[in-house]
Amino acid sequence: MTDDFDAFYRDTSRRLVRYAYGLTGDPVEAQDLVQEAYARAWQRWRRLSGYEEPEAWLRLVVSRLSADRWRRLGVRRSRAAADPPPAPAAPPSEDTVLLVRAMRTLPAAHRRALTLYYLLDRSVGEIAAETGASTGTVKSWLSRGRAGLAATLGTLEAAADPASAAGARKGAGHAH
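For the structure given in this document, a descriptive report is provided here. Residue numbers run consecutively from 1 along every chain, following the written order of its sequence. Reporting of local features is limited, given that this is a predicted model, to residues whose pLDDT is at least 70; pairs of side-chain atoms are given and counted only at 80 or more, and all residues count toward the totals for whole chains, interfaces and linings. Side-chain numbers here rest on the full set of heavy atoms in the structure, without hydrogens or water.

### Quick word on the nonpolar core
- Judged by nonpolar contacts, the single largest core of 17 residues is most densely connected at Tyr38, Leu58 and Val62.
- Residue assignment for this core shows that the elements contributing at least two residues are helix H1 (2-24), helix H2 (27-43), helix H3 (45-48) and helix H4 (54-82).
- Only DSSP runs of H or I covering at least 4 residues are called helices, and only runs of E covering at least 2 are called strands; the numbering of each starts at the N terminus. In terms of residues, this core owes the most to one element, H2, which gives six residues.
- Setting aside chain neighbours within four positions, we find Tyr38 in contact with Phe5, Phe8, Tyr9, Thr12, Ser13, Leu16 and Leu58.
- Grouped together as the second largest cluster of nonpolar side chains are 14 residues, Met103, Leu116, Val124 and Ile127 included. As used here, the term nonpolar core means buried Ala, Val, Leu, Ile, Met, Phe, Trp, Tyr and Cys residues forming a set that is joined through side-chain atoms within 4.5 Å. Classification of residues uses two cut-offs on accessible area relative to the type maximum, computed with a 1.4 Å probe and protein chains only: under 20% is buried, over 50% is exposed, and between them is partly exposed. It only takes one pair of heavy atoms within 4.5 Å for two residues to be counted as in contact.

This is the structure we're talking about:
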């Protein structure tokens, strides 16, 4: 039974993919439809193998699957058109923009450790297990990452507020 189906598949699969491609215009969708059609054919192979033209049955299955696909797309489009557009997302806060910019300056290991620790509430031990690093290494990453963020955020903050930077320079000048 398996050998018969394998031979049938080898003899018909290329034609069926071309047929499905003609119906859909999408090579990936065509392959998906054909795969589904052959899965259904395999389940019914005992009966199908007795048909005069089992390939015609496959084409019928592909045609119906393709029609169902178009019908589903139409329903989705109708629903999407009926729904009001989503509200625009609020822009990120200035603090978020500064933090993301500062995070980008850190080495990947530090960013990952900080993200796991602060955003996903993972413990040092859990981070170590996930990254394959020792707990000491994770603690080092967290410490160095925080220090790097502090330094970068201080620089970014000074650049964003020239008045505070000028005041800091004046104060430094008076200290002499």
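### Description of the pattern of salt bridges
- Salt bridges, as used here, are contacts in which a Lys or Arg side-chain nitrogen is within 4 Å of a carboxyl oxygen on Asp or Glu. Counting across every chain of the model gives five salt bridges.
- Between Arg59 and Glu55 there is a salt bridge, with the nearest N and O atoms lying 3.6 Å from each other. Taken together, the residues Arg59 and Glu55, both in helix H4 and four residues apart, mark about one turn of the helix.
- A salt bridge links Glu130 to Arg112; the nearest nitrogen and oxygen atoms lie 3.6 Å apart. Of this pair, Glu130 sits in helix H7 (residues 124-131) while Arg112 sits in helix H6 (residues 108-119); the two residues are 18 residues apart in sequence, bridging distant segments of the chain.
- Via salt bridges that share partners, Arg15, Glu55 and Arg59 belong to a single interconnected network.

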